[in-house]
Amino acid sequence: MPASLLDQIVADPSGQSWAILWREDEERVEVLVGDVVDLDELAQLPRPTPGAPVLAAVPFRQIAERGFAVHDDGTPLRVLLPTAVQRLELEDLVAALPTAPVEVTGERFSVSDDDYAATVARVIEEEIGDGQGANFVIRRDVEARTDADPATAALTWLRTLLVDERGAYWTFAMHTPGHTLVGATPERHVSVREGRVWMNPISGTFRHPVDPGPDGALMQEAFSAFVKDTKETEELFMVVDEEMKMMAQICSDGGRITGPYLKQMAHLTHTEYLLDGRSEADVRDVLRATMFAPTVTGSPMENACTVIARHEPTGRRYYSGVLALIDLDEEGSERLDAPILIRTAHLDGAGGITVSAGATLVRHSDPVSECAETAAKARGVLAALGLRERRELRHALDLVSLPGVAHDLALRNDSLSPFWLSPQEARPDPTLVGRRVLVVDAEDTWTQMLAHMVRHVGMSAQVRRWESVTEQEVTRRVGDRGASGMPGWDLVLFGPGPGDPTNLDDPRIARLHGLLRARLEQQLPVLAVCLSHQVLASMAGLRVTKLPSPNQGVQLPVDLWGDVRRIGFYNTFVARPGEPALGDRVLEQAVHQPDDAVVGLRGAGVASVQGHAESVLSRDGMVALHGLIRQALA
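Residues numbered from 1 in each chain as written. Predicted model: local features only at pLDDT ≥ 70, side-chain atom pairs only at ≥ 80, totals over all residues. Heavy atoms only, no water.

Novice: Hey, could you run me through the packing of helix α3 (residues 113-126) against helix α9 (residues 367-384) in this one?
Specialist: Between two packed helices, what matters for the description is the angle formed by their axes and the separation of those axes. Two elements in contact, α3 and α9, have axes whose closest approach is 8 Å; the angle formed by their N-to-C orientations is 120°. Compared by their axis directions, α3 and α9 come out oblique. As for how α3 packs across α9, the hand of that crossing is right-handed. Only P367, E370, C371 and T374 of α9 make contact with α3, whose side of the interface consists of D113, Y116, A117, V120 and A121. (Axes fitted to C-alpha atoms, helices over the stretch in contact; angles between N-to-C directions. Helix = DSSP H or I, 4+ residues; strand = E, 2+ residues; numbered from the N terminus. Parallel < 35°, antiparallel > 145°, perpendicular 65-115°, else oblique. Left-handed = near helix turned anticlockwise from the far one by under 90°. Contact = heavy atoms within 4.5 Å.)

The following block contains the structure:
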């Protein structure tokens, strides 16, 4: 194939819009040259034609399409429509790229170490500690500038990344007027091909020591401790849970988990899982439903965006968005490959450089350590820019082959839900088949996983947002079709959500109280989970208080009326034991003694649970949920 296309880019880098992609799953490098259009919505992404893919740079502000809070910094949803495509060997690309040093000056962090550490402490205390979510990713930026042509700089830095980095999912550069991106991202966000969807959550970060010690002994010792570290393990489980919510929404079988694996790079190593499931959804709908990865936002997703907007003073531009490549397979069906835009430098038209990095903040995060993690995550790109020392890779250890590492990684799955670790063949319960369930979403898409599990036992489930559900609807009996012509619900499952369950000034909490009260007054079956369990408990006369330390992303063995179940918990508030009753209906309570917390309630037509039976952390989740459904419908 002629080298003229690459030669043309190298000869005049700013003369046209282009992209160069080295993808992990492809044998050859792709070079694209073409025209640029800016769109308003993902639904407008054009269909590719044979031999001419579509490449979109999706900024973080696009999350507004889902109605989530975001700083609108005006960064465009930019699409490259190739008029010419070339594929070539990696060696040929590296040989053709420029090598002359690019001067970079004025390096500074947008937020100082002390200020970032203070933000970390504030998020842990005011957000996680107040029940707003399990984890949040707050970024800071390394800012610098260059007087070099941005496109030429990107080509130079791309060469260094191709030579120095390892383990990247995509190593790439993309140049368009006013916006140039160059990076080596480790993380696939979402891929679609041949009716299947893949997601690849990566979390848990091991920072390679500068001095690995004799024969790597110090690095081996530190890495062995990392693999067994509880915080790093729980951090990965949390993001898997959040991405499984997305999989349950877009995949007919809800998604299956494989792993864990290692993603080893030059400066860092991460742990990861691979999620996959069947889906016939349009690739644009998949992109929209999965904006954006919890590994760069937090969970629950909607509230994570609110927290980000509250604690980050400026917009993220392309950081934590995606590059999305859409092309056609041999049958003419659309395929999607979309990595997350992390470990990436953004250059504006005036020579400004931004490299963004964030840390995942959980209940036991150490502010100083999280600050160091952001610096470590930026190091690979900064080394390519000449701002950090380049790493020698010839003698790098293969960490997965170290004694005990594979065994310790595999042990992580022993505590996880077998439901999500295996193909999910439906197992209908004859007593439940055909019964209709309304799942009320309280701003946390755990409800998508709950709906999938409900369908697994043969029931019909519909998920609706709390604002769209009325008291008239939840009080309609099964045989009464009402003015809408729709029959009533056999069961209403009130779902989880962030926030204080006693705060009736919050319209969402007030609506949950109202909907639950209306259905209970009509003696109609109710199942309540997490936040809704706390609301139900308060209505039953129990005191609801904060835990001294949140149970966010932990597995606990709890006694549910004689059956000990290992369940995943994501809660800051708990109900305290008492004498629960709903009018003349006395409820039984299940109490977890170590926390002095009511973890379940049951009575005639009523069941609730504090934990998340739907979580990947729930070893006994399916059997526990099945039992609660039968209790509510008994």
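Novice: Where do I start with the pattern of salt bridges in this structure?
Specialist: When their charged atoms lie close together, side chains carrying opposite charge are able to pair. Following the criterion strictly, the structure yields 42 salt bridges and no others. Linking R108 and E143 is a salt bridge whose minimum nitrogen-to-oxygen distance equals 2.5 Å. Taken together, the residues span a long stretch of sequence, with R108 in strand β5 (residues 105-109) and E143 in strand β6 (residues 135-145) at a distance of 35 residues. For R108, a relative accessible area of 44% puts it in the partly exposed group. Among the residues examined, E143 registers a relative accessible area of 28% and is labelled partly exposed. A salt bridge links D327 to R335; the nearest nitrogen and oxygen atoms lie 3.0 Å apart. Judged by relative accessible area, R335 falls into the partly exposed class, the value being 26%. A single network of salt bridges, built from pairs that share partners, joins E302, E443, R465, E467, D506 and R508. (Salt bridge = Lys/Arg side-chain N within 4 Å of Asp/Glu carboxyl O. Buried < 20%, exposed > 50% of the residue type's maximum accessible area, 1.4 Å probe, protein only.)

Novice: Where do I start with the packing of aromatic side chains in this structure?
Specialist: Geometrically, a pair of aromatic rings is defined through the distance of the ring centres and the angle of the planes. For the structure on display, the rule yields 7 aromatic pairs. With a centroid separation of 5.0 Å and an interplanar angle of 75°, the aromatic rings of F206 and F223 are classed as edge-to-face. In this pair, F206 is assigned in strand β11 (residues 202-207) and F223 in helix α5 (residues 217-228), connecting sequence segments 17 residues apart. Overall, F206 belongs to the buried group, its relative accessible area being 6%. Given the relative accessible area of 0%, F223 is considered buried. Taking 6.5 Å as the distance between ring centres and 45° as the angle between the ring planes, the aromatic pair formed by F237 and Y273 counts as tilted. Of this pair, F237 sits in helix α6 (residues 230-250) while Y273 sits in strand β13 (residues 268-278), and the two are 36 residues apart along the sequence. (Phe/Tyr/Trp six-rings, centres within 6.5 Å; stacked < 30°, edge-to-face > 60°.)

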